[in-house]
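Structural overview
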Amino acid sequence: MIHIDHDLCDLCGTCVGVCPVDCISMSDTTLDIDDDTCIQCNFCIQVCPMEALKEETND
Ligand code: SF4
Ligand code: SF4
């Protein structure tokens, strides 16, 4: 799953635009990723200018 560092994220919306399954939602105050819909393509990690997104393993 994708981990969001909310301290780094400035809600620019770039990741929302590249997600192929539209599972990133953004409000005025926070960003949220629907882990059940996410296909782990990591596009959002690659485009984030703040490096606020990281791949998280479950171990
Ligand atoms: S890894 Fe891919 S599917 Fe998952 S939230 Fe990021 S862009 Fe969307
Ligand atoms: S691209 Fe990065 S900084 Fe921009 S909204 Fe997404 S997580 Fe936040």
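Before reading on, note that the structure itself is shown above.
Right, let's get into the environment of I45. Inspection of the secondary structure puts I45 in helix α2 (residues 43-47). With a relative accessible area of 25%, I45 lands in the partly exposed category.

Among the surface-exposed residues, D32, D34, D35, D36 and E56 lie close enough to one another that they form a single negatively charged patch. Mapped onto the secondary structure, E56 falls in the segment after β4 (53-55). Overall, E56 belongs to the partly exposed group, its relative accessible area being 31%.

Further remarks concern the site of ligand 1. Close to ligand 1 lie 13 residues, the nearest being C19, C38, C41, N42 and C44. Taken atom by atom, the bulk of ligand 1 overlaps the second largest cavity.

Calculation criteria
Residues numbered from 1 in each chain as written. Chains lettered and ligands numbered in written order. Predicted model: local features only at pLDDT ≥ 70, side-chain atom pairs only at ≥ 80, totals over all residues. Heavy atoms only, no water. Helix = DSSP H or I, 4+ residues; strand = E, 2+ residues; numbered from the N terminus. Buried < 20%, exposed > 50% of the residue type's maximum accessible area, 1.4 Å probe, protein only. Patch = residues over 30% accessible without salt bridge, like charges linked within 9 Å, V, L, I, M, F, W, Y side chains within 5 Å. Areas by Shrake-Rupley, 256 points an atom, 1.4 Å probe, with all protein chains shown as cover. Salt bridge = Lys/Arg side-chain N within 4 Å of Asp/Glu carboxyl O. Lys, Arg positive; Asp, Glu negative; His and termini not counted. Charge placed at Lys NZ, Arg CZ, Asp CG, Glu CD. Near = heavy atom within 4 Å. 1 Å grid on protein atoms, 1.4 Å probe; cavity = no way out; pocket = protein on both sides within 12 Å on 5 of 7 lines; lining within 4 Å. Sits in = over half its atoms within 2 Å of the grid points.

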